[in-house]
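# Results of the structural survey
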Amino acid sequence: MAANSMRENASKNNLVRARECVRRFPELKALCRKFVSTYEKRTEAPDPKYGFKKYKALLQQAVNQRVETILIDLNDLEEFCKQEIMEPDDNIALACSIPKIQLQQSIENWLQDIETNALRFTKYFYEACDAEAPDRDEGFDAEGSLAKDVIMKWRQNMVQQQRDSGAEASGIPLRLKNDFDVRFKPRSGCKTLRMRELRAGYVGALVQLDCMVVRTSQVKPRVEVVTYHCEVCQAEVFHTVEGERFTPLKECPGQKCKDNKQAGKLRQNTRTSKFGKYQEIRVTEMSEHVPVGGVPRSMKVVLSGDVARSVLPGDAITLTGIYRPAELPWLQARSRGTMQDMYIDAHSIKKHKSGYNEQTEDQDEISRQVDEAFRSGNLYDNAARSIAPEIFGHEDVKKALLLVLIGSFTKTMKDGMKIRGDIHTLFMGDPGVAKSQLLKQVCNIAPRSVYTTGKGSSGVGLTASVNRDNATGEVTLEGGALVLADMGICCIDEFDKMDEGDRTAIHEVMEQQSVSLAKAGITTTLNCRTTVLAAANPQYGRYNPYKSPVENIDLPPALLSRFDLLFLLLDTVDAEKDKNLALHVCKVHSTFGGGDTGKKEQVATDDIYEFKAYPANFMRSYVRKAKSFEPLIDDELQRDIVAEYVNLREEEKTAERDSRKSYTTPRTLLAILRLSQAHARARFSEKVEREDFNEAIRLMKASKESVAQSRPVSRGVNPLDVVYDIIANLSRKDTDGDEWIDISLVVSMAGHKAMSPEHVMEAIENWEGLSVLIRNPEQTRVKFVVPASG
């Protein structure tokens, strides 16, 4: 009983609040028109015709067909409300027959009414914009709208003739009369919801939530106003379509047909009807919003007007729109019962990461910072160090990643052949060298990126799949990870765990930059201009120096030759390097704990990085500007590039098979050119110079340095000498002065050179038998009988 009484009280309170809102509608409708006609934005440049009147200037542009949408900024509305509360409009109070106090109360609740009943106020603002819409400018170019203007003048004349004759004339619908839409832009302090937080109380309200786009449909025309022509009375009949479905008219509502008691004969006129762009997308929850063990929820979103085609699958967005139920046909609604399909009618979309070709609000300020950093010098090095600054070392790897982000430009020959400009890179190395973290950081910087793993990806999941839509029965194509990352970067982790059949699916993508399909009667080619950044472990889990690099990598030559850079990252033992790495990691964990965020950030910047790392927005702006250059190669430099390529081929021919680290093919020559041009772009240069070529060659050689450092133990090398060198090296670095070395440390360092502990102990015993080494009584430490010469 108590629960029933509480439910009744809640419903009564909701009914009272709804009635109060309805009573405020007349004055709020008048305020909408005043806001559109009088609001001034002093912070923007004045319009030549309307000065600081923001929305009057926007209406003039809409009438001249320069903009498609009048975006009502609720921040402007909030500022307008503060002004109106201080001085309420006497004319509005007099016209609505209400006191000033009631008008002030209506203004106070205006913003809340809009956010909770956005659908109704969208209509009010549309009517206000129609009433305040000015005439077109004299210099308006009417070439594209000549037919519309002729039809509209004919309609206005027909309506005027009907009124002059005393007959009842139906007005022209506003949607047919105007070519613009009205939408809301949320307040800056608007709460961003999670998809799981949408409740019944938000139905019809303006909601804002973070989500990820997973699917987009084709943009199709949706009818907004249907026009009919009656062949009996020659009248034109308008039918405004509010929802997704409508029932065509069967009887003519014209005055002549009514007087003659005839149904008339209506013929739908498609040419004079009003259509708008319509697109459906599917969004899902952000991964961080999904609870542990939960399944991500998804929702349909409808895009119309200029909002259509604004997002692509894979984009992370902040979506603002009206949460409303979908209209179903009577038969489906009857079988469904009380269950409703909900969707969001999008009003505003903001991408979390803007693309290189997209302009953001703070773009000018960030571009100015990029120019200042370029003038101060050393921008290339600092930008490379700003990629994953928490990761110690890997300076050359980070520079290579910066060149991957910048890339070269795609060249199209006269015969239509294209030469890619993307720089494909493969990280092959031991566990624990931060390969996956580097890939994640690149995904964070790149505006368009997809991260996937080798074991969790199939060939179809990487390229494209053919699916049948359950609703329409149409066969559709769905792009995989590589297609979704078009004009971006696809990061594939655990590349070695991928099945060989699935791995061959990316061969065409890496070189031809397309995906060719011939499935289910669909034969097509999809664009896939994607940079592939892969990370893998050697064949044996850890790099085995006893094996050749080719045996450790264990990838087919056809695939390896497609990678421009192949970094072999090995976990080599270096006491000084290990000490610095441990200090860096400890500082990161000590300064990024809890406490004062501002203080911690300052300590981290000064003490750990030793420089101020650039944020992701800065890096995107830097890459955006670098991509605007197309550097060319001089004739003098061409001879050096040719000579270097010939030397690489000659060295590979004369080198032993066991020492080969990669395959040098004509693609290697293209890789040198791409790296040189990317480095010239990083310098904002229109010309590839010698320093760019030298940096490209240095990076290609530096990628194999760690392999050369790990090859003291191989065929023809005595393990006794290896153990002797390790102990001698540790004795020289001994700071205690007693020259005793822990045998466990020797065993650990020898393990990186593929020596077992038994071989190490056997070597120590041999040197001890030769009176070169001596062990302590506990057999845990060792030193030279005669100190080794430094």
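Residues numbered from 1 in each chain as written. Predicted model: local features only at pLDDT ≥ 70, side-chain atom pairs only at ≥ 80, totals over all residues. Heavy atoms only, no water.

### Focus on the overall build of the protein
Of the regular secondary structure elements, the protein holds 31 helices and 26 strands. In the protein, which comprises 790 residues, the share counted as buried stands at 43%. Element-wise, carbon and sulfur atoms account for 50% of the exposed surface of the protein, whose accessible area totals about 42100 Å². (Helix = DSSP H or I, 4+ residues; strand = E, 2+ residues; numbered from the N terminus. Buried < 20%, exposed > 50% of the residue type's maximum accessible area, 1.4 Å probe, protein only. Areas by Shrake-Rupley, 256 points an atom, 1.4 Å probe, with all protein chains shown as cover.)

### Quick look at the packing of helix H14 (residues 395-406) against helix H24 (residues 616-626)
Taken N-terminus to C-terminus, the directions of H14 and H24 make an angle of 60 degrees; their axes are 9 Å apart at the nearest point. Comparing the axis directions of H14 and H24 gives the class oblique. Seen from H14, the contacting residues are Leu402, Leu405 and Ile406; seen from H24, they are Met619, Tyr622, Val623 and Ala626. Split into classes, the residues belonging to the contact of H14 with H24 amount to seven nonpolar, no polar and no charged. (Axes fitted to C-alpha atoms, helices over the stretch in contact; angles between N-to-C directions. Parallel < 35°, antiparallel > 145°, perpendicular 65-115°, else oblique. Contact = heavy atoms within 4.5 Å. Nonpolar A, V, L, I, M, F, W, Y, C, P; charged D, E, K, R; others polar.)

### Description of the sheet that holds strand S24 (residues 741-742)
The strands that make up a sheet are held in pairs by hydrogen bonds between backbone atoms, and each pair lies either parallel or antiparallel. Spatially, three strands are ordered S24-S26-S25 in an open sheet, and the strand pairing comes out antiparallel. Sheet topology places S24 and strand S25 (773-775) at the edges, where each strand pairs with a single neighbour. Here S25 runs beside strand S26 (residues 781-784); their pairing, made up of three bridges, is antiparallel. Among the inter-strand pairings, leucine 773 is bridged to a residue of S26, identified as phenylalanine 784. (Pairing = 2+ DSSP bridges.)

### Focus: the side chain of serine 304
If you trace the backbone, serine 304 turns up in strand S8 (residues 298-304). Excluding residues that lie within four positions of it along the chain, serine 304 makes contacts with Arg183, Arg222, Lys277 and Asp345.

### Let's talk about the confidence of the model for the protein
Put simply, the protein has an average pLDDT of 79, and 84% of its residues get 70 or more. In this model residues 593-608 is a low-confidence stretch, pLDDT under 50, and it forms 20 contacts with partners more than four residues away in sequence or in other chains. (pLDDT = per-residue confidence, 0-100.)

### Quick look at the sheet that holds strand S17 (residues 489-493)
Spatially, the five strands line up as an open sheet ordered S14-S17-S20-S13-S21, and their pairing is parallel. Only two strands of the sheet have a single neighbouring strand rather than two, namely strand S14 (449-453) and strand S21 (565-569). Within this sheet the neighbouring strands show an average axis-to-axis angle of 15 degrees, counted without direction. Note that S14 and S17 share five bridges and pair parallel. When the bridges of S17 are listed, valine 450 appears paired with cysteine 490.

### Some remarks on the side chain of glutamine 208
With respect to the secondary-structure elements, glutamine 208 resides in strand S3 (residues 206-216). In terms of polar contacts, glutamine 208 uses its side chain to reach the side chain of threonine 320, at 3.2 Å. Sequence-distant contacts of glutamine 208, defined by excluding residues within four places in its chain, comprise Pro186, Cys190, Lys191, Thr192, Leu193, Thr318, Leu319 and Thr320. (Polar contact = N/O pair within 3.5 Å; in protein donor to acceptor, adjacent residues only side chain to side chain.)

### Notes on the pairing of strand S5 (residues 236-240)
With four of its five residues buried, S5 lies for the most part within the structure. Connecting strand S4 (residues 220-230) to the next strand, S5, in antiparallel fashion are five residues, including glutamine 234 with a positive phi near 60 degrees.

### Notes on the nonpolar core
By size, the foremost hydrophobic cluster in this structure holds 55 residues, and its most contacted members are Leu401, Leu402, Leu405, Phe427, Ile489, Leu533 and Tyr622. Element by element, the count of residues in this core is highest for H14, at eight residues. When sequence neighbours within four positions are dropped, the list of residues in contact with leucine 533 reads Leu401, Thr425, Phe427, Leu439, Val442, Ile489, Cys490, Cys491 and Ile492. (Core = buried A, V, L, I, M, F, W, Y, C linked by side-chain atoms within 4.5 Å.)

### Here's the deal with unusual backbone geometry
The phi dihedral of serine 97 is positive, around 55 degrees, even though this residue is not glycine. Along the chain, serine 97 falls in the loop between helix H4 (90-96) and helix H5 (100-108). With a phi angle near 60 degrees, serine 771 is a residue other than glycine that sits in the positive phi range.

### Some points on H24
Among the eleven residues that make up H24, eight are buried, leaving the element largely enclosed by the rest of the structure. What H24 keeps buried is the set Phe618, Met619, Arg620, Ser621, Tyr622, Val623, Arg624 and Ala626.

### A short note on the packing of aromatic side chains
Applying the stated criterion to the full structure yields 20 aromatic pairs. Taking the centre distance of 6.4 Å and the plane angle of 5 degrees together, the rings of tryptophan 110 and phenylalanine 125 count as stacked. One end of the pair, tryptophan 110, is in helix H6 (residues 110-116); the other, phenylalanine 125, is in helix H7 (residues 118-132), with 15 residues separating them in the sequence. The exposure classification of tryptophan 110 matches that of phenylalanine 125, with both residues buried. A ring pair is formed by phenylalanine 495 and phenylalanine 563, whose centres lie 6.0 Å apart and whose planes are at 85 degrees; its orientation type is edge-to-face. Separated by 68 residues along the polypeptide, phenylalanine 495 in the loop between S17 and helix H18 (500-503) and phenylalanine 563 in the loop between helix H21 (557-560) and S21 bring together distant segments of the chain. Each member of the pair phenylalanine 495 and phenylalanine 563 is classed as buried. One Lys or Arg, lysine 300, reaches over the ring of tyrosine 343 and ends 5.3 Å from the middle of that ring. (Phe/Tyr/Trp six-rings, centres within 6.5 Å; stacked < 30°, edge-to-face > 60°. Lys NZ or Arg CZ within 6 Å of the ring centre and 35° of its normal.)

### Here we look at the pattern of salt bridges
A complete count under the given rule lists 37 salt bridges for this structure. Residues lysine 300 and glutamate 280 are paired through a salt bridge, measuring 3.7 Å at the closest nitrogen-oxygen approach. Of the two residues, lysine 300 is situated in strand S8 and glutamate 280 in strand S7 (residues 274-284); the sequence distance between them amounts to 20 residues. With a shortest N-O distance of 3.1 Å, arginine 420 and aspartate 564 are connected by a salt bridge. Of the two residues, arginine 420 is situated in the loop between strand S12 (418-419) and strand S13 (425-429) and aspartate 564 in the loop between H21 and S21; the sequence distance between them amounts to 144 residues. Like aspartate 564, arginine 420 is buried. Connected via shared salt-bridge partners are Arg420, Glu511, Asp564, Arg667 and Arg674. (Salt bridge = Lys/Arg side-chain N within 4 Å of Asp/Glu carboxyl O.)

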